[in-house]
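# Understanding the architecture of this molecule
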Amino acid sequence: MTIGLILWVVARKWVMTSIMFLALIATYNEIMTFSPINWPWASANDGEKEFSVLTYNVMDFSDFDENTQAKQNRTIDFILNKDADILCLQEVRPGGAFELGKNGITKEQINSINHKYPHQWTGHRDLCVMSKFPITHVRTISTVKSYGCDLYEINIEGKTLTLVNVHLQSIGLSMTDKELYYNITSIDRTQENIDSMKANIKSVRLKLLSKLGDAFRERARQAKRIRDILSNIDGDIILCGDFNDTPGSYAYRQVASQLHDAYRDCAFGPTITYHDNRFYFRIDHVFYRGDDLKVLEIERCKNNSSDHSAIFTTFAINIHPNNNHL
């Protein structure tokens, strides 16, 4: 839209310029949510403690590249190398985060994770938090099959941070659905491919729309419940995880009405966090709120061992609030 505005200005078409300018103003909020423009100049002040949070759907620590020749689990290697202070993980096997020998997980990796993160909690669903800071309280919001939401209180040098880890309702597409979508979006335009696409397009459309509609409604219900819970919590809050929904969606707006989007506040340009079967979306989010909490930097990590990309966010929290951030 911005490029179009520039072209109309160059062409001196003032009516179209005015229309494009008004449209740009009307959609400014949505544009900045999708593709923010920020400069990474924030830093912690005296009395503030920097800490980092990594949110990551780890796909049960299996490898997205089925033909990988890695000698040990690539996802765990990535997590250890990023060295975040707090890990918010989704799609972790309930009852235990790691299993020796599964998906190339080695004893050395397990020992390294346990040494680096002495405070851990794996819930009844598929959520797991690991922290260098003490976890003083855990509250499970939901254990139903459709989604997970756990709330933790973390002590950062005497300051309590409320951390919420979520995994909202997925679209629930079967492998057949994904294969049909993949074929429709394929650049292979042989006659056989075209004939197959025509034969399946109606079935695919109806099936996908039905599943999308059901998932959208369920996520809306889940997001409302999370919003209501957060409205009764004071202090500093970080909410992150796999929302299975994009910026600007109804579920996103429900949460954003209570919290700030760290990506919008600190990032530059658009990004994606899910990349399987030509579904390229930003569906993993980090939100925050609090007078003593601010976001300094956010990064979409370029790892490819899961169907999601991890998000690494650096925060600063005022551990001496009586100093009024001086």
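As the structure is a computational prediction, the values presented were derived from the model and not from experiment.

Turning next to the overall build of the protein chain. Counting secondary structure elements, the protein chain contains nine helices and twelve strands. Residues counted as buried form 46% of the 326 residues belonging to the protein chain. Put simply, 69% of the contacts in the protein chain that link residues at least 6 apart link residues at least 24 apart. Of the roughly 16900 Å² of accessible surface on the protein chain, 54% is carried by carbon and sulfur atoms.

With that settled, consider the side chain of T314. Checked against the element boundaries, T314 lands in strand β12 (residues 311–318). What T314 contacts, discounting residues up to four positions off in sequence, is E50, F51, S52, V295, L296 and E297.

Here we come to the confidence of the model for the protein chain. Mean pLDDT over the protein chain works out to 83, with 75% of the residues at or above the 70 mark. Averaged over each element, pLDDT in the protein chain is lowest for helix α1 (residues 2–10) (50) and highest for strand β10 (residues 284–289) (98).

Turning to empty space enclosed by the protein, a few remarks are in order. Here the structure, examined in full by the defined rule, presents two cavities of 30 Å³ or more. Here the second largest cavity is characterised by a volume of approximately 30 Å³. Taken together, I141, C149, L151, V164, I226, I229 and L230 make up the lining of the second largest cavity. Looking at the lining of the second largest cavity, the element that brings in the most residues is helix α7 (residues 191–230), giving three residues.

Among all positions of helix α5 (residues 107–116), only Q109, I110 and I113 are buried. Angular distribution of buried residues about the axis of α5 spans 100°; they occupy a single face of the element. Residues K107, E108 and H115 are exposed on α5 and point more than 90 degrees away from its buried face. Looking at the buried positions of α5, the neighbouring elements they touch are α4 (74–82), β3 (119–122) and β4 (127–131).

Take unusual backbone geometry next. Residues other than glycine seldom take positive phi values, yet F61 does so here, at roughly 60°. Its location among the elements puts F61 in the loop between β1 (48–57) and α4. In this structure, D83 is a non-glycine residue whose phi angle is positive, near 55°. Looking at where D83 falls in the secondary structure, it is placed in the loop between α4 and β2 (86–90). We classify D83 as partly exposed; its relative accessible area is 33%.

What follows concerns the nonpolar core. F51, V53, I86, L163, I238, L293 and F315 are the most contacted members of the largest nonpolar core, which has 27 residues in total. Leave out the neighbours within four places in its chain, and I238 touches F51, V53, L161, T162, L163, V164, V286, F287, Y288, L293 and F315. Formed by 22 residues, the second largest nonpolar core is a distinct cluster that contains F78, A84, L87 and Y117.

This paragraph deals with the sheet that holds strand β8 (residues 236–242). Judged by pairing direction, the sheet is mixed, and its six strands sit side by side in the order β5-β6-β7-β8-β10-β9 without closing on themselves. Here the strands that pair on one side only, and so sit at the sheet edges, are β5 (135–142) and β9 (260–261).

The subject of this paragraph is the sheet that holds strand β11 (residues 293–300). On the basis of which strands lie adjacent, the open sheet formed by six strands has the order β3-β4-β2-β1-β12-β11 and mixed pairing. Strands at the two margins of the open sheet, each flanked by one partner only, are β3 and β11. Averaged over all pairs of adjacent strands, the angle between their axes in this sheet comes to 15°, without regard to strand direction. Bridging between β2 and β4 involves five bridges; their strand directions are antiparallel. The residue of β4 that forms the bridge with I86 is S131. Of the strands in this sheet, β1, β2, β11 and β12 are in contact with α4, which crosses β1 at around 170°.

The contact between α4 and α5 brings their axes to 11 Å, and the two run at 35°. Once α4 is placed against α5, the crossing between them reads as left-handed. Here I76, D77, I79 and L80 of α4 lie close against α5, whose contacting residues are Q109, S112, I113 and K116. Taken together, the residues of the contact of α4 with α5 sort by class into four nonpolar, two polar and two charged.

What counts and what doesn't
- Within every chain, residues take consecutive numbers counted from 1 along the sequence as written.
- The predicted origin of the model limits local features to residues at a pLDDT of at least 70 and limits the giving and counting of side-chain atom pairs to 80 or more, whereas totals for whole chains, interfaces and linings rest on all residues.
- Working from all heavy atoms in the structure, the side-chain values ignore hydrogens and water.
- Elements are defined by DSSP. Helices are runs of H or I of four residues or more, strands are runs of E of two residues or more, and each kind is numbered from the N terminus.
- Throughout, exposure labels follow a simple rule: accessible area from a 1.4 Å probe, protein chains only, divided by the maximum for the residue type, with under 20% read as buried, over 50% as exposed, and the rest as partly exposed.
- By definition, residues are in contact when any of their heavy atoms lie within 4.5 Å.
- Method for areas: the Shrake-Rupley scheme with a 1.4 Å probe, in which residue coverage is limited to the protein chains shown.
- A score from 0 to 100, pLDDT tells how confident the predictor is in each residue.
- Definitions used for this entry: grid spacing 1 Å over protein atoms alone; cavity, a set of points where a 1.4 Å probe fits but cannot get out; pocket, an open set with protein on both sides within 12 Å along at least 5 of 7 lines; lining residue, one with an atom within 4 Å of a point.
- Grid points are joined across faces, edges and corners, and a volume is the space filled by probe spheres set on the points.
- Each C-beta atom gives one direction from the helix axis, and the arc is the one those directions make.
- Definition of nonpolar core: a set of buried residues of the types Ala, Val, Leu, Ile, Met, Phe, Trp, Tyr and Cys, connected through side-chain atoms within 4.5 Å.
- Note on pairing: DSSP must find at least two bridges between two strands before they are called paired.
- Interaxial angle, 0 to 180 degrees, is taken between N-to-C directions of lines fitted to C-alpha atoms, where a helix line uses only the stretch in contact.
- Less than a right angle of anticlockwise turn of the near helix away from the far helix marks a crossing as left-handed, whereas a clockwise turn marks it as right-handed.
- Throughout this entry, Asp, Glu, Lys and Arg are counted as charged residues, while Ala, Val, Leu, Ile, Met, Phe, Trp, Tyr, Cys and Pro are counted as nonpolar. The remaining residues, Gly among them, count as polar.

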